[in-house]
Amino acid sequence: MSTPAPLPKVGSRGSALRSTIAASGSTLGLGLLAILVALILTSPVIIIAGASPIDAYANFFLVPLSSQFRLLEVLVAATPLILTGIAVAVAFRGGYWNIGAEGQLLLGAIAATGVGISIPADWPPIVVVPLMILAGALAGAAWALVPALLRTRLGIDEVVTTLLLNPVALLFVKALVQGPWRDPGGITESPPIVEAGHLPQLMDKSRLHLGFLLALVLLVIAWWVLSRTGIGLRIRAVGLAPHAARFAGIRVERTLLGVALASGAIAGIAGVSEVAGIQFRLTSGISAGYGYTGIVVAMLGGLSMPGVLLSALFLGDLRVGTNKAESALDIPSQIGAVVQGVILLCVVGLLAIRRWRISRSDRPADEAEPPAEDERHLENAPA
Amino acid sequence: MGSATPGADGLPAVRLTGITKRFGDLVANDGVDLDVGRGEVHALLGENGAGKTTLMRILYGLTSADAGAVEVDGRPVTIRSPKDAIAAGIGMVTQHFSLVRPMTVAENLALGRARGARLDLEAARRHAREASERYGIAVDPDARVGDLSVGEQQRVEILKALARDCRVLILDEPTAVLVPQEVDALFATLRRLIADGLAIVFISHKLGEVRAISHRVSVLRRGVLVGTAPGDTDEKELARMMVGRPTFGVSRPDPIAHAADEPAVLQVTGLSAAGAHGLPAVRDVSIAVRAGEIVGIAGVSGNGQTELVEVLTGMRRPTAGSATVGGTPIAGASPAAVMAAGLGRIPEDRHASLVLDLPVELNLVMERIADFTGPGGLDHAAIRRNAVELIARFRIKARPEDRVGTLSGGNIQKVLLARVLAREPRAIVIAQPTRGLDVGASEYVRGEILARRAAGAAILLVSEDLDELLTLSDRVVVLYEGRVVGEMPSEKADPERLGLLMAGREVAA
């Protein structure tokens, strides 16, 4: 009935921004607009860095597509981003705000390295590779477990806990490569993993490895589960309206826990892919912020799996391009991170604007929704 | 009441001409003309979505019209925001009060007028007392708004508008939140205000109230002004104007005879539960509902009904007592276990009970996803068949793939009804089944409830609409401060006695 426009409700978990994101379903058009706005906003930074934005963007986005080798490098760069993008998108779709993909990825890398340096060298790849993937997935899930339990049992905000565990994971990696796993050669890296643990190259003269195919397979599985199964429907319901989901008999806490662990496991596999496909050892630079970039990938892709693929390829393109631009135009490759960050802000900003316009004008006043109070019953509801 | 009283100079206090407003394809207001005289209560009657609220939001500057003009005291005015409306002497009280609950009445009144950084609390208190006396609206300036009853908060809202020197007061469904006694007090206040020459627009879809208070009634239907009639127009005639057809109320068939020792299907025994702040909200409530019987729960909102329904629907743990459906304990059980025991649940907050961003067809299977899951995942063909069947059976105006959030209130309620009733539950808990629904949808929903009663379901009905409660229920139980303070066959329950019990005035045997 005659409800005024809904007021944003500020709360620990029911914030307007988060409900906006969970119900986003951002479109290709919105993503392209966000990218365009981000490029305009980043232009002054590039000018300050001493280059022409047109040249810079050509180097960022077009040069990487100009040869087969570079194209394959884009796929190499996109591989961890597809995986972390899936991890983040799955969690966000379920309304679990996992900001900890970076730490979960690092734990996956640690576990893969642990298997890879301690396993007998004569074991066949068919055993070693699955073992490393399994270990990485379990480690990623384990790193996600504590924040997930704190959220589902005690209602502690997972944004803070998952985020804060990221630097802890990095310190853990550093401690290992400077301490027990320090390479006998003296550099602060782990010893190399066994040959049998290397993910097979997909093509000659390219670093593209099995991890890329693995990412695509996981992408298809995640898409199928989310859109075609009962589990996926439960996850979507919990993410969109936890109170309604609970009311319909869905076990919200269990669903959240499952989503959090699955997200951690997929992020952990991203770590396995980097260790076993690219570096073949653990280094403190094993992740170039892939876990954080996964948030950009997921948001830019509208939390949909096809969207995750497209935006991971786009940001992989950008990553390769900024490295090229560094030598070609003498501008720092960190500009790429600036572009990424601004894209994220633009996506979130555009989503918020769209939501605001819908709630303000596209609906007759008599049909206005009551303010979202999705989670007001959580405290008293049976676990 | 008597006929309209135009201003001394013959000009209406406010005149709307040719107001048109479109939301996409929907025409919310189509060339609507309306005038309100000084000292007049002009009721705006119409079903949900008829465009009443949109029209008044335009007058108050909350929505901008696509076409049309507004005149105040014969002078054309442009209203782009509530600020313009207030400057033109227009005030509006919505159902959702814009009061700061932790602050006092005086502070809230001062907020509406505050200029600059300084706040003279003593002056604010004096102003509040003066306004309260001048308009005969009794409120304590030092009371915390959060401690006031809904009726008192509404009085503060009215005072706030009056304190800004408004001469045209818009009341959007002011009685929706009030008990009968509070409605009487509101009407007394309104009569004093019109005696002072105020012009009042009274939005409602309750015929009885409209006839009780208004000089003239304008009826909107699908955005078009159907006509303006004197306030004492026959109820049937007004209803006909409103819905375009005569409405026939449902009536309850004779009760089914029960053996004295027949066990209840839904048995609540000594149930207690805590409310929002851990305070007792339901205290030692015992209710028995037998097969083919409707037991109505009467009470002012906030007297434990919400918490009682939450316990019975599996959304809140009780602190003591038990509840069973067909002998299976349900108090403290999960929603899934409650449903498995055979209880159908239609709570008051239907928006929060459905996933608004998911389509109708998925919401219809949300309570039994497992039944629609095969080895290859969700069986989309079966889900679609189920939706098509229920949409036809419950006359839901939607396609299976429409998002529930895009439907009207009546159709959202039908989705919830369809989801629950399709499973033919042997007991049903249903709260505020027709709140916010238009006449046609309300009649439909009531008919469905009676059909389930005829089919032998035990139904616990919570409603703040006393007419509805008395029409549908075999017995009525009154809750006050979480306790059962009265129980009687509905034949013996008249609105006045119920109103007193609901207000905690009398402890009936």
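The structure presented is a predicted model; accordingly, all values stated were derived computationally and were not measured.

Draft legend 1. Quick look at the overall build of chain A. In terms of helices and strands, chain A carries 14 helices and zero strands. Across chain A, helices and strands are ordered from the amino to the carboxyl terminus as α-α-α-α-α-α-α-α-α-α-α-α-α-α. Looking at chain A as a whole, 55% of its 383 residues qualify as buried. For chain A, the proportion of contacts with a sequence separation of at least 24, taken over those separated by at least 6, is 78%. Counting only carbon and sulfur atoms, one obtains 68% of the accessible surface of chain A, whose full area is about 15700 Å².

Draft legend 2. Layout of the confidence of the model for chain B. Residues with a pLDDT of 70 or more make up 90% of chain B, whose mean pLDDT is 86. Contacts from residues 1-8 of chain B, a stretch scored under 50 in pLDDT, to residues over four places away or in other chains number 17 contacts.

Draft legend 3. Spatial organisation of the pairing of strand β16 (residues 343-346) of chain B. Residues and elements named next belong to chain B. Side chains Leu 343 and Arg 345 of β16 all project onto a buried face; the interleaved residues Gly 344 and Ile 346 project onto the opposite face, where all are buried too. By the bridge criterion, four bridges tie β16 to strand β19 (residues 427-431) in an arrangement that is parallel. Its bridge partner lying in β19, Arg 345 is registered against Val 429.

Draft legend 4. Representation of the environment of Arg 483 of chain B in the model. Residues and elements named next belong to chain B. With respect to the element layout, Arg 483 can be found in strand β22 (residues 483-489). Judged by relative accessible area, Arg 483 falls into the partly exposed class, the value being 43%. Dropping the residues within four chain positions of it, Arg 483 is found in contact with Arg 283 and Val 478.

Draft legend 5. Here's a closer look at the packing of aromatic side chains. In this structure the tally under the stated criterion is six aromatic pairs over all chains. Measuring from centroid to centroid gives 5.9 Å for Phe 187 of chain B and Phe 202 of chain B, while their planes differ by 65°, and the two rings are edge-to-face. Pair noted here: Phe 187 of chain B is in helix α6 (residues 180-195) and Phe 202 of chain B is in strand β8 (residues 199-204), with a separation of 15 residues, a long-range link. Phe 202 of chain B carries the same exposure label as Phe 187 of chain B, and that label is buried. In this structure an aromatic cluster arises from ring pairing among Tyr 57, Phe 60, Phe 61 and Phe 314 of chain A.

Draft legend 6. Examining the pattern of salt bridges more closely. Residue and element names in this part refer to chain B. Evaluation of the coordinates by the stated rule reveals 30 salt bridges over all chains. The shortest N-O distance in the salt bridge between Glu 122 and Arg 125 comes to 2.9 Å. One end of the pair, Glu 122, and the other, Arg 125, are both in helix α4 (residues 121-134), three residues apart, so they sit about a helical turn from each other. Using a relative accessible area of 45% as the deciding quantity, one classes Glu 122 as partly exposed. Accessibility expressed as a relative area gives 26% for Arg 125, which makes it partly exposed. Across the salt bridge formed by Arg 423 and Glu 367, the nearest N and O atoms sit 3.4 Å from each other.

Draft legend 7. Structural context of the nonpolar core. Counting residues in each nonpolar core, the largest one holds 121 residues, and the members touching the most others are Phe 60, Ile 86, Phe 92, Leu 282 and Ile 343 of chain A together with Met 366 of chain B. Looking at this core element by element, the count peaks at 13 residues for helix α11 (residues 252-279) of chain A. Those residues in contact with Met 366 of chain B that sit more than four places away from it in its chain are Leu 233, Ala 237, Ala 248 and Ile 250 of chain A together with Val 355, Leu 358 and Arg 419 of chain B.

Each value, and the rule that gives it
- Residues numbered from 1 in each chain as written.
- Chains lettered and ligands numbered in written order.
- Predicted model: local features only at pLDDT ≥ 70, side-chain atom pairs only at ≥ 80, totals over all residues.
- Heavy atoms only, no water.
- Helix = DSSP H or I, 4+ residues; strand = E, 2+ residues; numbered from the N terminus.
- Buried < 20%, exposed > 50% of the residue type's maximum accessible area, 1.4 Å probe, protein only.
- Contact = heavy atoms within 4.5 Å.
- Areas by Shrake-Rupley, 256 points an atom, 1.4 Å probe, with all protein chains shown as cover.
- pLDDT = per-residue confidence, 0-100.
- Pairing = 2+ DSSP bridges.
- Phe/Tyr/Trp six-rings, centres within 6.5 Å; stacked < 30°, edge-to-face > 60°.
- Salt bridge = Lys/Arg side-chain N within 4 Å of Asp/Glu carboxyl O.
- Core = buried A, V, L, I, M, F, W, Y, C linked by side-chain atoms within 4.5 Å.

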